[in-house]
Amino acid sequence: AQTVTQSQPEMSVQEAETVTLSCTYDTSESDYYLFWYKQPPSRQMILVIRQEAYKQQNATENRFSVNFQKAAKSFSLKISDSQLGDAAMYFCAYRSGGGKLIFGQGTELSVKP
Amino acid sequence: DSGVTQTPKHLITATGQRVTLRCSPRSGDLSVYWYQQSLDQGLQFLIQYYNGEERAKGNILERFSAQQFPDLHSELNLSSLELGDSALYFCASSATSGGPLKRSNEQFFGPGTRLTVL
């Protein structure tokens, strides 16, 4: 069975600085997809960034980028120029061809002004 | 706004009771997924329906059941409720049932239903 692990329950970053959230996963599949979701205090689940496992190039969405290391089964999220609105719970998620998402435990990110 | 609606937003009930949570997917989406978010279990997949048929099952208790209707809305029924069932229940929808990742396969989440069992 696939598993997703986020080893950092809490992280903190100064406004305008850069922070990296870690995620590792375990799977025997070769074709899968990885995601980072943001959950602000409103509890809405918001997709931040996605990565297809067959793509070697790391995905980037504005200030958000990932470091995808397939052999190491690692998928970290880097947030550049952190803003107060980035404060939220961040979930790493895995999806195989079947469609269901498997989530990590989450990392609570706080942003200090 | 994701386009996925869930009702009610909040639900408070007592142990032993039965409740029904409702989800309307985005227009045109055929797949509906249900997820449970609780303090001790985290975010976990419960069940998926595609065009009216059950497609995948996760850690869903036997006391829970779901269905998807011809108009594609879905309901999650929770019975014999226990204190531990208190959680945030999300519904998500996508155009298809998995397969290669395309924009059309992205899952869009509703705002959730907060269930409190007293």
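Our subject in this report is the structure included herewith.

What chain A contains, in helices and strands, is zero helices and 12 strands. Computed over the C-alpha atoms, the radius of gyration of chain A is 13 Å, within 12% of the 13 Å expected from 2.2 N^0.38 for a compact globule of 113 residues. Taking the principal axes of its C-alpha atoms as reference, chain A extends roughly 40 × 25 × 20 Å. In chain A, which comprises 113 residues, the share counted as buried stands at 48%. When contacts within chain A are restricted to residue pairs at least 6 apart in sequence, long-range pairs at least 24 apart make up 54% of them. Accessible surface, chain A: about 5,400 Å² in total, of which carbon and sulfur atoms supply 46%. A gap of 5 Å separates the mean positions of the 11 positive and 11 negative side-chain charges of chain A.

Next up on the list: the pairing of strand β9 (residues 74–79) of chain A. Residue and element names in this part refer to chain A. In terms of strand pairing, strand β3 (residues 19–21) meets β9 through three bridges, oriented antiparallel. Looking across to β9, one finds that Thr20 is bridged to Lys78. When strand β8 (residues 64–69) meets β9, the two strands line up antiparallel, connected through six bridges. Bridging from a neighbouring strand, Asn67 pairs with Ser76 of β9. Counting the residues that bridge the hairpin from β8 to β9 gives four residues, and of these Lys73 lies at a positive phi of roughly 55°.

Let's shift gears to the packing of aromatic side chains. Scanning all chains against the criterion turns up 16 aromatic pairs over all chains. Ring centres of A:Tyr25 and A:Tyr32 lie 5.3 Å apart, and the angle between their planes is 65°; on these two criteria the pair is classed as edge-to-face. The two residues A:Tyr25 and A:Tyr32 agree in class, both being buried. An angle of 80° between the planes, with centres 6.3 Å apart, marks the rings of A:Phe68 and A:Phe75 as edge-to-face. Following the ring pairs from residue to residue traces out a cluster consisting of A:Phe35, A:Tyr37, A:Phe91, A:Phe103, B:Tyr33, B:Tyr35, B:Phe45, B:Phe90 and B:Phe109.

As a further point, take the state of the cysteines. Residues and elements named next belong to chain A. Scanning all chains against the criterion turns up two disulfides over all chains. Across the disulfide from Cys23 sits Cys92; the S-S distance is 2.0 Å. Across the S-S bond linking Cys23 and Cys92, the dihedral sits near -70°, which makes this disulfide left-handed. Residue Cys23 is found in the loop between β3 and β4 (24–26), and its partner Cys92 is found in strand β10 (residues 88–95); the two are separated by 69 residues along the sequence. Note on Cys23: relative accessible area 1%, which makes it buried.

This paragraph deals with the interface of chain B and chain A. Contact with chain B, which involves 22 residues of that partner, is made by 19 residues of chain A. Contact between chain B and chain A buries roughly 1,700 Å² in total, counting both sides, with carbon and sulfur atoms accounting for 53%. The interface formed by chain B and chain A includes one salt bridge. With its nearest N and O atoms 2.3 Å apart, the salt bridge here joins A:Arg50 to B:Glu106. Taken together, the connections running from chain B to chain A amount to five residue pairs in polar contact (both at pLDDT 80 or more). Contributions of two or more residues to the side of chain B that touches chain A are made by β4 (31–38), β5 (42–50) and β9 (87–94) of chain B. Its residues assigned to classes, the side of chain B that touches chain A shows 10 nonpolar, nine polar and three charged.

Within this structure, the stated rule accounts for seven salt bridges over all chains. A:Asp26 serves as the salt-bridge partner of A:Lys73, at 3.6 Å between the closest nitrogen and oxygen. Taken together, the positions of A:Lys73 in the loop between β8 and β9 and A:Asp26 in strand β4 put the pair 47 residues apart, joining distant regions of the chain. Taking relative accessible area as the criterion, A:Asp26 reaches 39% and is therefore assigned partly exposed. The network of salt bridges with common partners includes B:Arg63, B:Glu82 and B:Asp85.

Let's shift gears to the nonpolar core. All names here are of chain A. Tyr25, Trp36, Phe75, Leu77 and Tyr90 are the most contacted members of the largest nonpolar core, which totals 26 residues. Listed by contribution, the elements that provide at least two residues to this core are β3, β5 (33–39), β6 (46–52), β8, β9, β10 and β12 (107–112). With four residues, β10 is the single largest residue contributor to this core. With residues up to four places along the chain from it excluded, the contact list for Tyr25 reads Thr3, Val4, Tyr32, Leu34, Phe68, Gln69, Lys70, Lys73, Ser74, Phe75 and Tyr94.

Cut-off values and rules
Residues numbered from 1 in each chain as written. Chains lettered and ligands numbered in written order. Predicted model: local features only at pLDDT ≥ 70, side-chain atom pairs only at ≥ 80, totals over all residues. Heavy atoms only, no water. Helix = DSSP H or I, 4+ residues; strand = E, 2+ residues; numbered from the N terminus. Rg over C-alpha atoms; globule rule 2.2 N^0.38 Å. Buried < 20%, exposed > 50% of the residue type's maximum accessible area, 1.4 Å probe, protein only. Contact = heavy atoms within 4.5 Å. Areas by Shrake-Rupley, 256 points an atom, 1.4 Å probe, with all protein chains shown as cover. Lys, Arg positive; Asp, Glu negative; His and termini not counted. Charge placed at Lys NZ, Arg CZ, Asp CG, Glu CD. Pairing = 2+ DSSP bridges. Phe/Tyr/Trp six-rings, centres within 6.5 Å; stacked < 30°, edge-to-face > 60°. Disulfide = S-S within 2.5 Å. Buried area = accessible area lost by both parts, 1.4 Å probe. Salt bridge = Lys/Arg side-chain N within 4 Å of Asp/Glu carboxyl O. Polar contact = N/O pair within 3.5 Å; in protein donor to acceptor, adjacent residues only side chain to side chain. Nonpolar A, V, L, I, M, F, W, Y, C, P; charged D, E, K, R; others polar. Core = buried A, V, L, I, M, F, W, Y, C linked by side-chain atoms within 4.5 Å.

Read these as layout, nothing more, since geometry by itself doesn't imply function.
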